[in-house]
Amino acid sequence: MNILVTGGAGYIGSHVVAELKKRGYTPVVYDNLSTGHAAAVPEDVQLVEGDIHNVEFARHILEQFNIEAVIHFAASSLVGESMTAPAKYYFNNVEGTLHLLEAMRGAGVDKIVFSSTAAVYGEPAATPIKENFPLQPTNVYGRTKMVIEGMMKDYDKAYEMRYVALRYFNAAGAALDGHIGEDHNPESHLIPLVLKTAQGVRKQVAIYGTDYPTPDGTCLRDYIHVCDLADAHVLALQYLLKGGRSNVFNLGSEDGFSVREIIETAKKVTGKDFKVVEEKRRAGDPAILIASSAKIKQELGWQPKHSTTQEIIATAWKWHMAHPEGYTQA
């Protein structure tokens, strides 16, 4: 069964491609390679270089490869950048997804698994966050994902296009065998920034905000191993293929770890000490984001297997040590 993975050359997408292969599916990667890496796509997987804004070409690819369903990652995803360049985010994320949905409609493909975010909740009144909490994002990135979820809901009502939106926040870690990992340019995610500092690639790592209402004053986040995320995407795909109705699921470890805790764990795992500096808060960063995963565990049987901070950082460190300059050395 052929599954199109938009953004499949990216960090999470490439791990989902690997999981699809392992489960007996045939992934087809559709990526414009603006941030993804061709080297992250296995040689035996079809890589189509294309843009989701090109409706006719995307529809052609969906038809050519007899695609049964789409897993959609292609998006801009830097929270800070979204606050200073909102036009880019509404164009790439919202308009891009609209074009993808139109291509799917034209090709008769009616199932999509969507990479959403816990950022749609903004500053929740309580934690852990549940799916029925109000959506009140505090940054443009989260707002674009919220709009897309609404758009997919409308497409389901009008065109019977079924979807699963997976809301997660901090994907982290790398493939257990170290063959693929996280390589963004510029890098904005905490764990790879910390590990690049431990490697000596960076001179220091910054803590943005030390005055949050948390035990140590730094942001609390819910980290999920990228392999656990990949597993959840395949379970969501299978749910739709079996006739499941449109749905939304959180993905979280249900444990919050502060920025300081991540840095201290990284020092233990790597055996390295490194320079840490404190900076002002970044715009749009909520203090606490911890998700409840009770719903997806109950309805889809998902269980995170690798999402301790120790294993997340250890697998990421293995990747970074083998690829100090990312995929340029692959």
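Note that this is a predicted model, so its numbers are computed, not measured.

(A) Spotlight on the overall build of the protein chain. Each helix and strand counted, the protein chain has ten helices and 14 strands in total. Here the protein chain has a C-alpha radius of gyration of 19 Å; the compact-globule value for 330 residues is 20 Å, and the two agree. Taken across its 330 residues, the protein chain has 56% of its residues classed as buried. Accessible area for the protein chain stands at about 13800 Å²; split by element, carbon and sulfur atoms hold 49% of it. Each charge class in the protein chain was averaged separately, 32 positive and 39 negative side chains, and the resulting centres sit 3 Å apart.

(B) Structural context of helix H2 (residues 55-64). For H2, the set of buried residues is Ala-58, Ile-61 and Leu-62. Taken end-on, H2 shows its buried residues confined to a sector of 100 degrees, consistent with a single buried face. Backbone geometry just after H2 places Asn-66 at a positive phi near 50 degrees.

(C) Spatial organisation of the pairing of strand E2 (residues 26-31). With five of its six residues buried, E2 lies for the most part within the structure. Sheet topology note: the strand E1 (residues 2-6)/E2 ladder contains five bridges and is parallel. From the neighbouring strand, Ile-3 faces E2, where its bridge partner is Pro-27. Between E1 and its parallel partner E2, the chain crosses via helix H1 (residues 11-22), and the hand of that crossover is right-handed. Taken together, the four bridges between E2 and strand E3 (residues 46-49) define a ladder with parallel strand orientation. The partner of Val-28 across the bridge, within E3, is Gln-46.

(D) Looking closely at the sheet that holds strand E6 (residues 162-167). Pairing is parallel in the open sheet, where seven strands are placed in the order E3-E2-E1-E4-E5-E6-E11. Both edges of this open sheet fall to E3 and strand E11 (247-250), since each of them pairs with a single strand only. Strand-to-strand twist of the sheet, defined as the mean angle between neighbouring strand axes without regard to direction, takes the value 20 degrees. Lying on the sheet, helix H5 (residues 140-159) is in contact with strand E5 (111-115), E6 and E11; it crosses E6 at an angle near 160 degrees.

(E) Representation of the pattern of salt bridges. Under the defined criterion, the tally for this structure stands at 13 salt bridges. When the shortest N-O distance is used, the salt bridge between Asp-110 and Lys-111 registers 2.8 Å. Of the residues examined, Lys-111 reaches a relative accessible area of 12% and is grouped as buried. Salt-bridge contacts for Glu-278 lead to Arg-260; the nearest nitrogen and oxygen are separated by 2.9 Å. Of this pair, Glu-278 sits in strand E13 (residues 275-279) while Arg-260 is found in helix H8 (residues 259-270), placing the two residues 18 residues apart along the sequence. The class of Arg-260 is partly exposed, set by a relative accessible area of 28%. One network of salt bridges, with partners in common, ties together Glu-19, Lys-22, Arg-23 and Asp-231.

(F) Structural view of unusual backbone geometry. A cis amide bond links Thr-127 with the next residue in sequence, Pro-128, at an omega value of 0 degrees. Positive phi values are uncommon outside glycine, yet Asn-66 reaches one of about 50 degrees. Of note, Asn-66 is situated in the loop between H2 and strand E4 (69-72).

(G) Quick peek at the environment of Arg-282. The residue Arg-282 is located in the loop between E13 and strand E14 (288-289) in this model. Separated by 75 residues in sequence, Arg-282 and Ile-207 have C-alpha atoms that sit 9.9 Å apart. Contacts of Arg-282, omitting those with residues within four sequence positions, involve Ser-188, Tyr-208 and Tyr-212.

(H) Inspection of the environment of Ile-290 at higher detail. Turning to its location among the elements, Ile-290 is positioned in the loop between E14 and helix H9 (294-300). Sequence separation of Ile-290 and Tyr-155 is 135 residues, and the distance between their C-alpha atoms is 29 Å. Sequence-distant contacts of Ile-290, that is, excluding residues within four places in its chain, are made with Thr-127, Pro-128, Ile-129, Asp-222, Glu-254, Asp-255 and Gly-256.

(I) Region of the structure containing the sheet that holds strand E9 (residues 220-221). Read from one edge to the other, the open sheet built from three strands follows the order E12-E9-E14, with strand pairing classed as mixed. At either margin of the open sheet sits one strand with a lone partner, and together these are strand E12 (257-258) and E14. By the bridge criterion, two bridges tie E9 to E14 in an arrangement that is parallel. Bridging from a neighbouring strand, Leu-220 pairs with Ile-288 of E14.

(J) Broad picture of the packing of H2 against helix H4 (residues 86-107). Following both chains from N to C, one finds H2 and H4 inclined at 45 degrees, their axes separated by 8 Å at the closest point. One way to sum up the angle between H2 and H4 is to call them oblique. H4 is crossed by H2, and the crossing has right-handed handedness. Facing H2, whose interface residues are Val-55, Ala-58, Arg-59, Leu-62 and Glu-63, H4 presents His-99, Glu-102, Ala-103, Met-104, Gly-106 and Ala-107. The residue makeup of the contact of H2 with H4, split by class, is six nonpolar, two polar and three charged.

The rules behind the values
- Residues numbered from 1 in each chain as written.
- Predicted model: local features only at pLDDT ≥ 70, side-chain atom pairs only at ≥ 80, totals over all residues.
- Heavy atoms only, no water.
- Helix = DSSP H or I, 4+ residues; strand = E, 2+ residues; numbered from the N terminus.
- Rg over C-alpha atoms; globule rule 2.2 N^0.38 Å.
- Buried < 20%, exposed > 50% of the residue type's maximum accessible area, 1.4 Å probe, protein only.
- Areas by Shrake-Rupley, 256 points an atom, 1.4 Å probe, with all protein chains shown as cover.
- Lys, Arg positive; Asp, Glu negative; His and termini not counted.
- Charge placed at Lys NZ, Arg CZ, Asp CG, Glu CD.
- Arc of directions from axis to C-beta.
- Pairing = 2+ DSSP bridges.
- Right-handed = clockwise from strand over helix to strand, strands pointing away.
- Axes fitted to C-alpha atoms, helices over the stretch in contact; angles between N-to-C directions.
- Contact = heavy atoms within 4.5 Å.
- Salt bridge = Lys/Arg side-chain N within 4 Å of Asp/Glu carboxyl O.
- Parallel < 35°, antiparallel > 145°, perpendicular 65-115°, else oblique.
- Left-handed = near helix turned anticlockwise from the far one by under 90°.
- Nonpolar A, V, L, I, M, F, W, Y, C, P; charged D, E, K, R; others polar.

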